[in-house]
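# Tertiary structure, described
So you can see what is in the structure, the chains are spelled out below.
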Amino acid sequence: MGDLIFANYGYCHCCEQAVRFTAADSWFRDHYICSKCGSIPRERALSWTIEKFFPAWRQATIHESSPIPRGASEKLRQHCDNYITSQYFSGVGSGTEYQGWRCEDLENLSFADNSIDLHISQDVMEHVFSPDRVFREIARTLRPGGMHIFTVPLVNKAGASEVSAERDEKGEIRHLLEPEYHGNPVSDQGALVTRRWGYDICEYIFRSSGLFTQIIHLDALEWGIRAEFIEVLVTMKPMAENNGSDSVPETAKPPKSTTGNPFNWLKKRFKK
Ligand SMILES: [Zn+2]
């Protein structure tokens, strides 16, 4: 680790304690780190947002797509009894177990309608090929009153979202912009960026799923939250309308996590 260029004391919303935040590089998004839990700013912003918008998360049924073994994911794993994690593996069907993980294709989730309180994703939505289908699947599987709370880099602040890669009729990838890859914990090839999102993502989600989304932007050094592209998005599924009867809206039984704790396996991959 190089010399520190910035450090301060504060409170970390991932590990919930007084900590020191340090940065050895000016790109705070990846390098402004909690001394106790190793989290980065967008993970702390996500944890704050979950706590504020869905304070009953500890008792909720939560599904996180592509979690990582630290920060917000680790907090959910420790404190939520029905925290279901999944990864996407090309060619593996949703709901099946693969390499110790439950596989879930976000475009075709195996969860029942109205069965999930909270969907969580961190920097995933810029890698999916059919985000309209993904947002529809999330809306379908959320319970009334449920939310999708997620981070996604909104890199097109001054313009419309751009499609940077798509699949043609044969399923082959067609690049519309210079290919860009992000790290992928379950693939050495990395994850291809398919969308360069702008603020119009909220309109896109509404057109796809009918759900409203708000963008939370935090800038709070005392919580170690300062960096580029750390917006947290909250998509809400409305509570069922009161139709005059006392009947509770029908929701499915919560799915149970079946794959145990795949984090140890993931931790090994991270050490490489
Ligand atoms: Zn921490």
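Above: the structure in question.
Here goes a summary of the coordinates provided. Everything numeric in this text was worked out from a predicted model, so none of it was measured. Residue positions are counted from 1 within each chain, in the order its sequence is given. Where local features are concerned, this predicted model is filtered to residues with pLDDT of at least 70; where side-chain atom pairs are given and counted, the filter is 80 or more; whole-chain, interface and lining totals use all residues.

What follows deals with the nonpolar core. Note on terminology: a nonpolar core is any set of buried Ala, Val, Leu, Ile, Met, Phe, Trp, Tyr and Cys residues joined through C-beta atoms within 7 Å. Neighbour density around each residue's C-beta defines its exposure: 20 or more other C-beta atoms within 10 Å make it buried, 12 or fewer make it exposed, and counts between make it partly exposed, where C-beta atoms are placed from the backbone. One finds Cys34, Phe54, Ile62, Leu118 and Ile149 to be the most contacted residues of the largest nonpolar core, which totals 52 residues. For Ile149, the contacting residues outside a window of four places in its chain are Leu46, Thr49, Ile50, Phe53, Phe54, Leu118, Ile120, Val232 and Val234. Note on contacts: each residue gets a C-beta atom placed from the backbone, and two residues are in contact if those atoms are within 7 Å.

On to the sheet that holds strand E1 (residues 6-12), then. Note: two strands are recorded as paired if DSSP finds a minimum of 2 bridges between them. The helix and strand labels rest on DSSP assignments: H or I over at least four residues marks a helix, E over at least two residues marks a strand, and numbering proceeds from the N terminus. With respect to topology, three strands assemble into an open sheet ordered E1-E2-E3, the strand pairing being antiparallel. Looking at the sheet topology across the chains shown, the edges are occupied by E1 and strand E3 (32-34). Across the sheet, the axes of successive neighbouring strands diverge by a mean angle of 25°, strand direction being ignored. Judged from the seven bridges that link them, E1 and strand E2 (residues 17-23) form a sheet pairing that is antiparallel. Bridge pairing in E2 links Phe6 to Ala23. Whenever a helix is involved, its axis is fitted only over the stretch in contact; in every case the axis is a line through C-alpha atoms, and angles between N-to-C directions fall within 0 to 180 degrees.

What follows covers the environment of Ala112. Inspection of the secondary structure assignment puts Ala112 in the loop between strand E7 (101-103) and strand E8 (116-122). With 139 residues separating them along the chain, Ala112 and Thr251 place their C-alpha atoms 9.0 Å apart.

Right, let's talk about the pairing of strand E14 (residues 187-192) for a bit. Alignment of strand E13 (residues 181-184) against E14, held across three bridges, turns out to be antiparallel. Among the inter-strand pairings, Asn184 is bridged to a residue of E14, identified as Ser187. Connecting E13 to the next strand, E14, in antiparallel fashion are two residues.

Here E1 folds back onto E2 in antiparallel fashion, the turn holding four residues, of which Glu16 has a positive phi close to 55°. Both E2 and E3 contribute to a ladder of three bridges, which runs antiparallel. When the bridges of E3 are listed, Phe21 appears paired with Cys34.

A few words now on the environment of Ala165. When you line up the elements, Ala165 lands in strand E11 (residues 165-167). Expressed as a C-alpha distance, the spacing of Ala165 and Leu177, which sit twelve residues apart in the sequence, is 6.9 Å. Excluding its chain neighbours within four sequence positions, the residues that come into contact with Ala165 are Ile173, Arg174, His175, Leu176, Pro179, Leu192 and Thr194.

Within the secondary structure, Ser65 sits in strand E4 (residues 61-65). In this structure, Ser65 is in contact with Ser86, Glu104, Leu106, Ser121 and Val124, ignoring residues within four places of it in sequence.

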